[in-house]
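In case you want the letters, here they are:
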Amino acid sequence: MANVSEDRSRAQLLLVGALALAVVFLSLSLLLNSVIYTENLATRQTHADAEKATEFRLAAVDGLDGAIEHANRRNTTAFADRRDAYRDAVDSWVPILANYSATDGMATDVEPDELHEGTRIVGANNTTGLVRGDGAGDWTVATDSKVRRFRLHVDPSTVGTGDEVRITFDDGTTRTVVIENPGSGPRVRIERPGPDPTCSLSDGRIDIGTGRVDGEYCPGLADARPTGNGAVSIANGDQVTATYSLVVDRHQDGFRTDVDTENYPTQCTPPSTPTYGTSSADDPYTTPAIYAATAEIGASTRDLDYRRTIRAAPDEAGDPASEPTFTQFLVTQSGNDFTVDWNTDDPNGDIDHVDVRVYYRTNDTLYASETSALESGTETFANVPDEAYYVNGTVTDAASSRRVSEIHDAGGCPP
Amino acid sequence: MRAQAHTLEAVAASIVILASVVFALQVTAVTPLSASTASQHIENQQQASAAGVLDAARENGALDAAVRYWDETNGTFHGTAGAGYTTDPEVNRTALGRMLLDTFEARGVAFNVYFAYPTDTGTLVRERFIYRGEPSDNAATATTTVALYDDDPLYDANETTTNVTVNGSSTYDALIPPESSTGLYNAVRVEVVVWRM
C-alpha cells in the first residue's frame, strides 16, 4: 500500500512539473514575440510619408525655378508674355508631377499663386565687355536692389596680364569679384576680409549665383553674393569681352531712371545715352522679368495632409525680397511746373507712405516735399524757380524703403 | 534493482534538464535589429542615404547635368553604346555617378540609376543611366523629379553646357520624348536603386 501512494505522488510531481515547464515555455515565446513586435515598431518608418511630401516640395520648387528661368529667357519685352509662358509651363508640368506622386501613393496639387515682377539685365553682345550703353567700363549696374542669378561668360583669351576687372557688391559689406591675370593665366579672385581665395578661369563661365567658376565650385565666390539690398558696380569692365545677365527685384521703370541718375549725375533724366537699352538689339538692355513666384502645394496620403506655400527665386541669397518698388515714376516737366505720377507695389503688401521731394542739385537742400499715404498718385510742384533739381520718390513699407531719383532743370537741360 | 532504477531516472532527468537549458539558450528570434543583410533597418538607412544624394545632386546641378548628359551626334549618353554606364570609370564620368560612388562603394552597396518618363497611356518607361546589375530582393529606392524645358541645353562630355537645346536636339527624344508643346519638354523621374552586395 505504501508503494502505491509513493507512485501516485510521483505521478503528481511529474504532472505538476510538466505543467510548470509548459507555462515557462509559453511565457518565453510570448516574451520573444513581444520583443520582435517592439523592434518592428521601432524600425518602422513612420515618417516615410513626411519624407515623400518633403521630396515633393523640393521637386515643386525646382520645377518653378525652371519655369521662371524658361520664361525669363524668352526674347520679349512684355511681362505679360513671360507670365503666360510661365503659367503654360507650370500648367503642363503639374499633371506629370501629380502622375509620379500617384505612383508613390500620394495625391498632390500645385496652385500657382503670385509673381513678383523684377528686371532682367542682359549684356548679350560677345564683342563688347562689361560696359554700359555708352561703352564706359566704370559704371553702376544696379542700385538699392536684391540681385540674383548673376552669370558671366568672359572670353578668357581677352584677360591679359595686368587686367583687373572689378565687380563690387555693396549691401553694407563690400565684396569684390576680380577677374585678373597675374601672368600665370586668367583667374577669379574674391576680395574680402582675410585672405583672398582665387580660382583659375579656363572656360570663362562665372556663376556668382551658385558660386561656380567653369562649373566647378569656387570656395569664396558663393560668399561674395550679396544677401541684402545693395549696389553692384563694375570697374575696368572694358578690359575684357564678356556676356552677362542678372535679375534684380525692382520694377524696370524706377530701376532704370535710378541707375541712370547714378551713372550720369551731370545729365538730366533721361540721359542722352541711357545706361541700358530696352530691346535685345541694344547692349546692355533691360526687360521686365519674373523675380520670384509663389505657389500653394498640397500633398496627401492615407496618414498625412500636407499643405504649404512655396516660393521660388532661383539663386536668391538671404531673406526673400520684400522691399517695395516703384512700378511707375514719371516726372513731366512743363515750363517751370513739375508733375510727378507714381505707382508702387510691394511683395508683402504693407506700403506705409510715399514721399516725393525736390532738392536743389547744387547744394542738396530741400526745395519742397509732399507725403502721400496712397500707393499711387500725382503731385504737382508749380512755378519752380529756374534751377537744376533732384526729384526723388521714396516708398516706405513697414520694414524698408526704396528710392527713385531723377534730375530735372527748370531752366532747360542739360543742367 | 531499485537503486539502479533511481540512478537511471536521475540520469534521464538530468538529460531532460540539460536539454531544456540548451533549448532555451538556442531559442532566439531574428528580430528587425539583428545584424543581417536583409535587415529592414539597413534598407531604411540606404534609402535615406540615396535620397540625400539625390537632394545634394539637385542642389549642385549634378542632377540636371546627368539627365542632359547626351551625345547629340551618336544619340547615346557620352562614351557609351547605350544601356547606361556599368564600370567604375564610366560611372565616374558624371558628377552624379561620382557622388553615388563616393557615398556607396566603400560601404559595399551597389546602385542603379534610371530615368523614367510617362507615356500617353500613363505607364512609366524606364531608361537605364547607371546599371551595376540586378538589384537584390532587399533593394531600396529613392526617387525625385526633374523638369526639363525646351531651351535647356544639353551637356558635353566634360559636363559643360552646349548650344544644343533638348528640343533642338535631333536625337534626345530617343532618351526622353517631348511631352508638351508649351515650353515644358518633359518631367523626368530619377530613380536610384541601392542594395547590399
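Residues numbered from 1 in each chain as written. Chains lettered and ligands numbered in written order. Predicted model: local features only at pLDDT ≥ 70, side-chain atom pairs only at ≥ 80, totals over all residues.

Participant: Give me the lowdown on the overall build of chain B, citing residues and values where you can.
Facilitator: The helix and strand tally for chain B stands at five helices and eight strands. Listed N to C, the secondary structure of chain B is α-α-α-β-β-α-α-β-β-β-β-β-β in terms of helices and strands. Its C-alpha atoms give chain B a radius of gyration of 27 Å, clearly above 16 Å, the size a compact globule of 197 residues would have. By its C-alpha atoms, chain B is 105 × 35 × 30 Å across when sized along the principal axes. Residue burial in chain B is summarised as follows: out of 197 residues, 34% are buried. A fraction of 64% describes how many contacts in chain B between residues 6 or more apart in sequence connect residues 24 or more apart. (Helix = DSSP H or I, 4+ residues; strand = E, 2+ residues; numbered from the N terminus. Rg over C-alpha atoms; globule rule 2.2 N^0.38 Å. Buried ≥ 20, exposed ≤ 12 C-beta atoms within 10 Å, placed from the backbone. Contact = placed C-beta atoms within 7 Å.)

Participant: Requested: an account of the overall build of chain A, with residues and values cited.
Facilitator: Assigned secondary structure in chain A consists of five helices and 21 strands. Against the 2.2 N^0.38 benchmark of 22 Å for 415 residues, chain A shows a C-alpha radius of gyration of 33 Å, more extended than a compact globule. Counting only C-alpha atoms and orienting by the principal axes, one finds that chain A spans roughly 145 × 60 × 40 Å. Of all 415 residues assigned to chain A, the portion counted as buried reaches 41%. A fraction of 67% describes how many contacts in chain A between residues 6 or more apart in sequence connect residues 24 or more apart.

Participant: With reference to specific residues and values, describe the nonpolar core.
Facilitator: Counting 114 residues, the largest nonpolar core has Tyr 86, Ala 89 and Trp 93 of chain A together with Phe 111, Leu 148, Val 192 and Val 194 of chain B as its most contacted members. In this view, Leu 148 of chain B contacts Val 67, Val 166, Ile 176, Tyr 185, Asn 186, Ala 187 and Val 188 of chain B; residues no more than four positions away in its chain are not counted. (Core = buried A, V, L, I, M, F, W, Y, C linked by C-beta atoms within 7 Å.)

Participant: Tell me about the packing of helix H2 (residues 40-60) of chain B against helix H5 (residues 95-104) of chain B, and please be specific about residues and values.
Facilitator: Residues and elements named next belong to chain B. Closest axis-to-axis distance for the H2/H5 pair is 10 Å, and the angle between their directions is 150°. Of the two elements, H2 crosses H5, and the hand of that crossing is right-handed. Of H5, the residues touching H2 (which contributes Ser 49, Val 53, Ala 56 and Ala 57) are Leu 96, Met 99, Leu 100 and Thr 103. Among the residues forming the contact of H2 with H5, the class breakdown is six nonpolar, two polar and no charged. (Axes fitted to C-alpha atoms, helices over the stretch in contact; angles between N-to-C directions. Left-handed = near helix turned anticlockwise from the far one by under 90°. Nonpolar A, V, L, I, M, F, W, Y, C, P; charged D, E, K, R; others polar.)

Participant: Provide a residue-level description of the environment of Glu 105 of chain B, including the pertinent values.
Facilitator: Positionally, Glu 105 of chain B belongs in the loop between H5 and strand E3 (109-118). Along the sequence, Glu 105 of chain B and Thr 145 of chain B sit 40 residues apart, while their C-alpha atoms lie 24 Å from each other.

Participant: Go over the interface of chain B and chain A, please, and point to the residues and values.
Facilitator: How big an interface is tends to be stated in terms of accessible area lost as the parts join. Contacts between the two partners involve 31 residues from chain B and, on the opposite side, 30 residues from chain A. Tallying contributions element by element places H2 of chain B first for the side of chain B that touches chain A, with six residues. Considering only residue class, the side of chain B that touches chain A consists of 13 nonpolar, twelve polar and six charged.

Participant: A description of the sheet that holds strand E5 (residues 174-180) of chain A should follow, citing residues and the corresponding values.
Facilitator: Residues and elements named next belong to chain A. Reading across from one edge, E2-E11-E4-E5-E6-E7 is the order of the six strands in this open sheet, with antiparallel pairing throughout. Because the sheet does not close on itself, it has two edges, and the strands there are strand E2 (139-145) and strand E7 (198-200). Here the average twist between neighbouring strands, direction ignored, is 15°. Strand direction decides the pairing type here: strand E4 (residues 164-170) and strand E11 (residues 230-235), joined by five bridges, are antiparallel. Along E11, the bridge assignment pairs Thr 168 with Ser 233. (Pairing = 2+ DSSP bridges.)

Participant: Could you give me a rundown of the sheet that holds strand E17 (residues 351-360) of chain A, with the residues and numbers involved?
Facilitator: All names here are of chain A. The strand order E18-E17-E20-E21 describes an open sheet built from four strands, whose pairing is antiparallel. One side of each edge strand has no neighbouring strand; the edge strands of this open sheet are strand E18 (366-372) and strand E21 (401-409). With direction set aside, neighbouring strand axes in the sheet form an average angle of 15°. The pairing of E17 with strand E20 (residues 388-397) spans nine bridges and is classified as antiparallel. When the sheet's bridge partners are listed, His 353 is paired in E20 with Thr 396.

Participant: Let's hear about the packing of helix H2 (residues 48-73) of chain A against helix H3 (residues 79-103) of chain A: which residues, and what values?
Facilitator: Residue and element names in this part refer to chain A. Between H2 and H3, the least distance of the axes is 9 Å, while the angle of their chain directions is 155°. Comparing the axis directions of H2 and H3 gives the class roughly antiparallel. Crossing angle aside, the handedness with which H2 passes H3 is right-handed. Touching Phe 56, Ala 59, Gly 63, Leu 64, Ala 67, Ile 68, His 70, Ala 71 and Asn 72 of H2 are Arg 82, Ala 85, Tyr 86, Ala 89, Val 90, Trp 93, Leu 97 and Ser 101, all from H3. (Parallel < 35°, antiparallel > 145°, perpendicular 65-115°, else oblique.)

Participant: Can you tell me about the pairing of strand E16 (residues 337-345) of chain A, naming the residues and giving the values?
Facilitator: Of the two faces of E16 of chain A, only one is covered, namely that formed by Phe 338, Val 340, Trp 342 and Thr 344 of chain A; the face formed by Asp 337, Thr 339, Asp 341, Asn 343 and Asp 345 of chain A stays uncovered. Counted along the chain from strand E15 (residues 325-334) of chain A to the antiparallel partner E16 of chain A, the turn is two residues long, and its residue Gly 335 of chain A has a positive phi close to 65°.

Participant: For H2 of chain B, give the residues involved together with the corresponding values.
Facilitator: Between its first and last C-alpha, H2 of chain B extends 30 Å over 21 residues, near the 30 Å set by a 1.5 Å rise per residue. Within H2 of chain B the residues assigned to the buried category are Glu 43, Gln 46, Gln 47, Ser 49, Ala 50, Ala 51, Val 53, Leu 54, Ala 57 and Arg 58 of chain B. On its buried side, H2 of chain B packs onto H2 of chain A together with helix H3 (62-67), H5, E3, strand E5 (140-149) and strand E8 (184-196) of chain B. Gly 61 of chain B occupies a position one or two residues after H2 of chain B and carries a positive phi of about 85°. (Expected span 1.5 Å × (residues − 1).)

Participant: Can you tell me about unusual backbone geometry, naming the residues and giving the values?
Facilitator: All names here are of chain A. With an omega of -5°, the peptide bond running from Thr 269 to Pro 270 counts as cis. Looking at the element boundaries, Pro 270 is found in the loop between helix H5 (252-263) and strand E13 (285-300). Backbone torsion omega between Asp 283 and Pro 284 reads -10°, so that peptide bond is classified as cis. By secondary structure assignment, the location of Pro 284 is in the loop between H5 and E13.

Participant: I'd like a rundown of H5 of chain A, residues and numbers included.
Facilitator: All names here are of chain A. For H5, built from twelve residues, the straight-helix expectation of 16 Å at 1.5 Å per residue is met to within 8% by its first-to-last C-alpha distance of 16 Å. Among the twelve residues in H5, ten count as buried, and that is most of the element. Along H5, the residues that are buried comprise Gln 252, Gly 254, Phe 255, Arg 256, Thr 257, Asp 258, Val 259, Asp 260, Thr 261 and Asn 263. Buried residues along H5 sit in contact with strand E1 (107-123), E2, strand E12 (242-248), E13, E15 and E21.

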